[in-house]
Amino acid sequence: MEITRESWGALPTGEPVELFTLSNSRGMTATVSNFGATLVGLTAPDRKGAMADIVLGFDTVGEYINGRGCFGASIGRVANRVSGPFKLDGATCTPVRNREKFQIHGGASGFHTRLWQAEIVDDIKGQHLELTLHSADGEEGYPGNLDVTAVFKLAESGLRLEDRAKTDKTTVVSMTNHAYFNLSGTYTEDVLNHIVTLNASEYLVTDDAQIPTGERADVADTPMDFTRPTAIGLRIDARHEAIGIGQGYDHYFPIDGDPGELTSAAQIFHGGTGRMLEICTTQPGMQFYTGNHMADRTNGKLGAMYGFRGGFCVETQGYVDAPNRPEFPSIVLKPGEIYEQITEYRLSTT
């Protein structure tokens, strides 16, 4: 695997931004920016061998700075929603809200808004990209100086993401990547015809603000059941409480299996192109989101016009609002420990 780097504009502060292109022997490429540790593009062949970019995004760093949706960005310190203050080592931590009732995706100055330091690293398989970030004590309401590394490796089978972090004070960490996929590679169609299988027999019940209540519900005999291959659009507008709250699919699914082990979480298939995306992760669960809040017309890469439900996300992460839910698996990180998670996007055709 080889990596090239190029200038990609600058931030309003004048700091230069770079774009990195990872390539493998199959002709696949992954394009990553050090602004937000963002996955800007990922190409994959269809059943006839034709390459296409299957990740939604923008052409310029300015559009990422001003855009909504966190397209392709690395999210932290805590992905998804944190409902309010929580106790940590006897002290109260108060995440800074960037929504009326909660903080989402690490706050207004979360990792997706930051310029990361980049290094191309040689290894026995070629090269990989390491992006590093320092998050200061108290940032967005979280304790501890946190040093974070996001690693991007393009293997023959697809893209591997590794996140690591260490802290000097007890804190909380739950990272994810917010890539939007459309396996058609055309961007002219929505994702409702994509066939999805989720390795999840339960989902987390939420209130109207999509904050978990602590209850888990079985997916069986509901529109939330993707344990067998099912088209996204088949039941996305069904009359069901969870569907109504999410305005479609925007829910956390605990992954069946042992957290910490690299486990198959989701398989998504696009019949027209034959592309298959399998997502494997060491994370305990995933937020499955089907672009329900995408604008009907959004200017994307290369003149593409993204539409409503034009992409889907499988955001592998810790449980939503875990700091306020002691019954959920902990996302606490202590000094001397290392936070580490792996997520792989495995690509094939059929």
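Values in this document were obtained by computation on a predicted structure and should not be read as measured data.

### Here we look at the pattern of salt bridges
A complete count under the given rule lists twelve salt bridges for this structure. The residue Asp53 makes a salt bridge to Lys301 at a minimum N-O spacing of 2.5 Å. Placement of the pair is Asp53 in strand β5 (residues 51–53) and Lys301 in the loop between β25 (298–299) and β26 (305–306), with a sequence separation of 248 residues. Residue classification places Asp53 among the partly exposed positions, given a relative accessible area of 21%. We classify Lys301 as buried; its relative accessible area is 7%. Within this structure, Lys153, Arg160, Glu162, Arg164, Glu344 and Arg346 form a network of salt bridges that share partners.

### Re the side chain of Ser135
Tracing the sequence through the fold places Ser135 in strand β12 (residues 126–135). Classification of Ser135 as buried rests on a relative accessible area of 1%. Here the side chain of Ser135 touches Glu139 through a polar contact of 2.7 Å, side chain to side chain. Among all residues touching Ser135, those that are not within four sequence positions of it are Arg77, Phe111, Gly144, Asn145 and Leu146.

### Description of the sheet that holds strand β21 (residues 250–254)
The three strands are arranged β21-β24-β27 in an open sheet whose pairing can be described as antiparallel. In this open sheet, the two strands that pair with only one neighbour each are β21 and β27 (313–317). The sheet shows a mean angle of 25° between the axes of neighbouring strands, direction not considered.

### Overview of the sheet that holds strand β3 (residues 29–33)
The strands making up a sheet associate through backbone hydrogen bonding, with each pair oriented either parallel or antiparallel. With antiparallel pairing, the five strands of this open sheet are ordered in space as β1-β2-β3-β4-β5. Two strands in the sheet have a free side with no partner beyond their single neighbour: β1 (2–10) and β5. With strand direction ignored, the average angle separating the axes of adjacent strands in the sheet is 20°. As judged from the seven bridges shared by β1 and strand β2 (residues 16–23), these two strands associate in the antiparallel manner.

Calculation criteria
Residues numbered from 1 in each chain as written. Predicted model: local features only at pLDDT ≥ 70, side-chain atom pairs only at ≥ 80, totals over all residues. Heavy atoms only, no water. Salt bridge = Lys/Arg side-chain N within 4 Å of Asp/Glu carboxyl O. Helix = DSSP H or I, 4+ residues; strand = E, 2+ residues; numbered from the N terminus. Buried < 20%, exposed > 50% of the residue type's maximum accessible area, 1.4 Å probe, protein only. Polar contact = N/O pair within 3.5 Å; in protein donor to acceptor, adjacent residues only side chain to side chain. Contact = heavy atoms within 4.5 Å. Pairing = 2+ DSSP bridges. Axes fitted to C-alpha atoms, helices over the stretch in contact; angles between N-to-C directions.

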